[in-house]
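# Observations on chain architecture
The chain contents come next:
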Amino acid sequence: MDYLCPLCQQPLTLVHHSWRCAQQHQFDRAKEGYVNLLPVQHKRSKEPGDSAEMMQARRQFLDAGYYQPLQQRVASLLTQQLPAQASILDIGCGEGYYTAAVADASGEQASVCGLDVAKVAIRAAAKRYRHIDFCVASSHRLPFADASLDGVLRIYAPCKAEELARVIRSGGCLLTVTPGPRHLLQFKALIYSQVRLHDTQQEVLPGFTLELEQQLAYPLTLSGADAVTLLQMTPFAWRASADVWQALRDSAQFSSEADFIVRLWRRS
């Protein structure tokens, strides 16, 4: 995957073990194989993104297979739309669970890259999936040239619409995943006195046309330990009381629902 310098937006070239631009900005490739393209002046905190504990919880839960139907759905939908030699980016890739599935479905001729702001997640992803390019970078300042990508996967991750329109070439695809109305409703019922369904209003993406919208919903039957792990992954975990955490730990089984909205967009 070819990168742009995050400081001057000039192309980066891999020389030995470092990425360098014409302005002599240099970004070393880590021993795991990833590159950190998040300059300190672009950080909003000392260690942006998920913590090591959150990353480990997510990896443990995903490895258990609970979200495998979503993993296989997005990998199939995206790669069906793209040429064999496609350039594909997974924005907010975390530890690479979905990125790896896309790479496997795309074949050896495709170029697949995972991007996340959390260095701890990218380090784990690069160590596990050696055949995929990974970079630490901001999703709001994508380190890629204009019209350089055939396809982008964005699961929950924030990204400016104009950046997506900039990097995806005409005719390329954007696949987004957002929570469906009943996603993890039973967890919310443990925390909130009034439970509201997720808002599924379609976002506005100038420069793109919505071609496909699907809902993927299925029941989840979790052990108490896996329920705790899943709650750790959610944005409302910090609202859960100590009693809620303990009740989940003590439960033999917890039933919930997975509910996702998958949308395929075409770049005009």
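Report follows, based on the coordinates. (Residues numbered from 1 in each chain as written. Predicted model: local features only at pLDDT ≥ 70, side-chain atom pairs only at ≥ 80, totals over all residues. Heavy atoms only, no water.)

### A few points about the sheet that holds strand β4 (residues 35-36)
Read across the sheet, 8 strands follow the order β4-β7-β6-β5-β8-β9-β11-β10 without closing on themselves; strand pairing throughout is mixed. The open sheet terminates on both sides in strands that have one partner only, identified here as β4 and β10 (208-222). Contacts from helix α3 (residues 97-106) reach β5 (87-91), β6 (111-116), β7 (133-136) and β8 (149-155), with the element oriented near 170 degrees to β6. (Pairing = 2+ DSSP bridges. Helix = DSSP H or I, 4+ residues; strand = E, 2+ residues; numbered from the N terminus. Contact = heavy atoms within 4.5 Å. Axes fitted to C-alpha atoms, helices over the stretch in contact; angles between N-to-C directions.)

### Remarks on the sheet that holds strand β1 (residues 13-15)
One open sheet accounts for 3 strands, arranged β1-β2-β3; its pairing is antiparallel. Every other strand in the sheet has two partners, leaving β1 and β3 (26-28) as the edge strands with one partner each. Looking at each pair of strands side by side, their axes are set apart by 30 degrees on average, direction ignored.

### Section: the pairing of β7
Look at any regular strand and the pattern is simple: side chains alternate between the two faces of the sheet. Pairing between β4 and β7: 2 bridges, direction parallel. By the bridge assignment, Asn-36 is partnered in β7 with Val-136. Note that β6 and β7 share 4 bridges and pair parallel. Pairing of Asp-116 across the sheet is with Val-136, part of β7. This β-α-β element, β6 to helix α4 (residues 119-128) to β7, shows right-handed connectivity. (Right-handed = clockwise from strand over helix to strand, strands pointing away.)

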